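As a plain string of letters, each chain reads:
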Amino acid sequence: MKDIIELLQKERIKTVDALKNGNKQELSYLQQIDKALGWLKLIEEKGLENVGCYDIHSLPDLPPKSRGIYNYYHLMMDYEDPSIENWREYKPDGQPLLLMYDDIVITRKGI
């Protein structure tokens, strides 16, 4: 992954130079490189390099009867306890993780 990131970084430098020399057609290419670099760096940082090991889920919209102005999905720690009152909301950094319609959740596939 590092080799591809370095290759794109070199390509980015060439593209920026072309833009500085007046080649405005390279702007779209630069934007694509930046987007790819951003994703690749995030994938590397999070250790998500084996694409076949993950599923991606889009959260569905809530049914019309349960919709309000502010509707969120809450991620709960159930501690394998069937009693809801013993569940605790997952709060990274002490704040609730507010998930909304069309947010994505990446899960590891079962081994």
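You'll find the structure just up there.
Small disclaimer: the values here were computed from a predicted structure and weren't measured.

Quick word on the packing of helix H1 (residues 2-20) against helix H2 (residues 26-46)
Reasoning step 1: Put simply, H1 and H2 touch, their axes get as near as 10 Å, and they point 155° apart. Judged by the angle between their axes, H1 and H2 are roughly antiparallel. In the packing of H1 onto H2, the handedness of the crossing is left-handed. Within the contact between the two elements, H1 uses Lys2, Ile4, Ile5, Leu8, Gln9, Glu11, Arg12, Thr15, Val16, Ala18 and Leu19 and H2 uses Glu26, Leu27, Tyr29, Leu30, Ile33, Asp34, Ala36, Leu37, Leu40, Lys41 and Glu44.
Reasoning step 2: Here the contact of H1 with H2 is built from residues that sort into 13 nonpolar, two polar and seven charged.

Describing the pattern of salt bridges
Reasoning step 1: Using the criterion set out here, one finds five salt bridges in the structure.
Reasoning step 2: The shortest N-O distance in the salt bridge between glutamate 11 and lysine 14 comes to 3.9 Å. Remark: lysine 14 and glutamate 11 occur in helix H1; sequence separation between them is three residues, near one turn of the helix.
Reasoning step 3: For lysine 14, a relative accessible area of 54% corresponds to the exposed category.
Reasoning step 4: Ionic pairing is found between lysine 46 and glutamate 45, a salt bridge with its closest N-O pair at 3.9 Å.
Reasoning step 5: You can call glutamate 45 exposed: its relative accessible area is 60%.

Calculation criteria
- Residues numbered from 1 in each chain as written.
- Predicted model: local features only at pLDDT ≥ 70, side-chain atom pairs only at ≥ 80, totals over all residues.
- Heavy atoms only, no water.
- Axes fitted to C-alpha atoms, helices over the stretch in contact; angles between N-to-C directions.
- Helix = DSSP H or I, 4+ residues; strand = E, 2+ residues; numbered from the N terminus.
- Parallel < 35°, antiparallel > 145°, perpendicular 65-115°, else oblique.
- Left-handed = near helix turned anticlockwise from the far one by under 90°.
- Contact = heavy atoms within 4.5 Å.
- Nonpolar A, V, L, I, M, F, W, Y, C, P; charged D, E, K, R; others polar.
- Salt bridge = Lys/Arg side-chain N within 4 Å of Asp/Glu carboxyl O.
- Buried < 20%, exposed > 50% of the residue type's maximum accessible area, 1.4 Å probe, protein only.

Keep in mind these numbers describe shape, not what the thing actually does.
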